[in-house]
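Summary of the model geometry
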Amino acid sequence: MTDSEVYFTLLRVSAAQTLRSAGITAAKPSVVDAFTDLLARYLTLLGTTTRNFAESGGRTQAELIDARMAIEHVGLLRPMNIFTDPDDNDTEAVDALVEWFRGPQAADMRRVAGHAEKEGQVGKSDDWLGATKKLSEKRNTTV
C-alpha cells in the first residue's frame, strides 16, 4: 500500500463518521470514496490557501490569521463584514465557529467518533482552544 492509499484510508474513516453524524447511516463504498476524495481536495485547498496567505504576508510559516483568512476564503466561515480590515481583530466569525464546535451537532460527531466527553468535563480540545486564544491575544497585543 502506498502512502497516499494509507492516508486516503485514514481519511475515509473520518469521512464515514461525518456522514454518519449527518444522519447517513448506510452508503455504497463508492459514495464514501467520492465523499472522501472531496474532503481530501477541500483540505488540500484549505492548506494551500493558508500557505498562500502566509507567503503573501512575507512569512514562511502560517499563523492563526492566515488560517482564519483561508477558512473565510474557501467558504467554511462567512466573513461577518467583508469591508473591514483583516487586521482589525474581528473574531465574530471565529466565535460562531467555536460555538458550533460546542453545539449539539459537533457533540454528536464526537460521540460517533468515540471521543464524547462527560457533561461538565473540560476536555483537551477546550484546553487547546483556550491556549490558542491566549496565544493569539498575546500576539495581537504586542504587534
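Conventions adopted
- Residues numbered from 1 in each chain as written.
- Predicted model: local features only at pLDDT ≥ 70, side-chain atom pairs only at ≥ 80, totals over all residues.
- Heavy atoms only, no water.
- UniProt positions renumbered as here; feature names shortened; annotations may be inferred.
- Helix = DSSP H or I, 4+ residues; strand = E, 2+ residues; numbered from the N terminus.
- Buried < 20%, exposed > 50% of the residue type's maximum accessible area, 1.4 Å probe, protein only.
- Contact = heavy atoms within 4.5 Å.
- Areas by Shrake-Rupley, 256 points an atom, 1.4 Å probe, with all protein chains shown as cover.
- Core = buried A, V, L, I, M, F, W, Y, C linked by side-chain atoms within 4.5 Å.

The name that an unreviewed UniProt entry assigns to the chain is Bromodomain associated domain-containing protein, with the source organism given as Tuber magnatum. As stated in UniProt under Subcellular location (unreviewed entry), the record for the chain gives "Nucleus".

1. Let's talk about the overall build of the chain
Helix and strand counts for the chain stand at six helices and zero strands. Walking the chain from its N terminus toward its C terminus, one meets helices and strands in the order α-α-α-α-α-α. Each of the 143 residues in the chain was classed as buried or not, and the buried ones make up 17%. Of all intrachain contacts in the chain linking residues separated by at least 6 positions in sequence, the fraction that spans at least 24 positions is 42%. For the chain, the accessible surface area stands at approximately 10700 Å², while carbon and sulfur atoms represent 58% of it.

2. Regarding the side chain of Thr 49
Following the sequence through the fold, Thr 49 ends up in helix H2 (residues 29–56). Ignoring anything within four residues of it in the chain, the contact list for Thr 49 reads Ala 70, His 73 and Val 74.

3. Overview of the nonpolar core
The biggest cluster of nonpolar side chains holds six residues, and these are Leu 46, Ala 70, Ile 71, Val 74, Leu 77 and Ala 93. Sequence-distant contacts of Ile 71, defined by excluding residues within four places in its chain, comprise Leu 46, Leu 76 and Leu 77.

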